[in-house]
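Secondary and tertiary structure notes
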Amino acid sequence: DCLDTEALHPSADEVDAAVWITRDALRRIVFDDGSTPHEAERVSDGLMASQLEGVYPNAMGEGIALGHRFVLQKLLLEE
């Protein structure tokens with residue numbers, strides 16, 4: 001049940017950042033239909049919600065990969 005953050009070793013080639021955000025912020029981002037701008041919403045130190053919006057690559061060249069977005073949506077729906 002507890003994630004061992006010391007064991008996390010994301011690949012620098014595949015990951016820009018590893019940050020903690022609240023479940024509510026994640027829910028707003030992955031279920032957003034694009035009608036609500038989040039440019040000014042900070043979700044973690046140094047991370048704005050707009051950086052995670054949409055499928056990678058979004059207009060900012062950022063976002064969440066389609067497969068990861070799908071899994072996050074499924075996970076959040078099971079709560």
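Look up a bit, the structure's there.
Residues numbered from 1 in each chain as written. Predicted model: local features only at pLDDT ≥ 70, side-chain atom pairs only at ≥ 80, totals over all residues. Heavy atoms only, no water.

Bringing the overall build of the protein chain into the picture now. A tally of regular secondary structure across the protein chain gives 3 helices and 2 strands. Its helices and strands in sequence order give the protein chain the pattern α-β-β-α-α, from N to C terminus. Burial status across the protein chain gives 23% buried among its 79 residues. Across the protein chain, contacts joining residues at least 24 apart in sequence account for 31% of those joining residues at least 6 apart. Summed over its atoms, the accessible surface of the protein chain is roughly 6100 Å², and 54% of this surface lies on carbon and sulfur atoms. (Helix = DSSP H or I, 4+ residues; strand = E, 2+ residues; numbered from the N terminus. Buried < 20%, exposed > 50% of the residue type's maximum accessible area, 1.4 Å probe, protein only. Contact = heavy atoms within 4.5 Å. Areas by Shrake-Rupley, 256 points an atom, 1.4 Å probe, with all protein chains shown as cover.)

Residue Tyr56 is joined to Pro57 through a cis peptide bond whose omega torsion reads -5°. As for its placement among the helices and strands, Pro57 is situated in the loop between α2 (49–52) and α3 (66–77).

For Ser44, the location among the structural elements is in strand β1 (residues 42–44). Polar contacts involving the side chain of Ser44 include one to the main-chain carbonyl oxygen of Trp20, which spans 3.2 Å. In this view, Ser44 contacts Val19, Trp20 and Ile21; residues no more than four positions away in its chain are not counted. (Polar contact = N/O pair within 3.5 Å; in protein donor to acceptor, adjacent residues only side chain to side chain.)

The final tally for this structure, using the stated rule, is 2 salt bridges. For Glu41, the salt bridge goes to Arg28, with nearest N and O atoms at 2.3 Å. Of this pair, Glu41 sits in the loop between α1 (23–30) and β1 while Arg28 is found in helix α1, placing the two residues 13 residues apart along the sequence. (Salt bridge = Lys/Arg side-chain N within 4 Å of Asp/Glu carboxyl O.)

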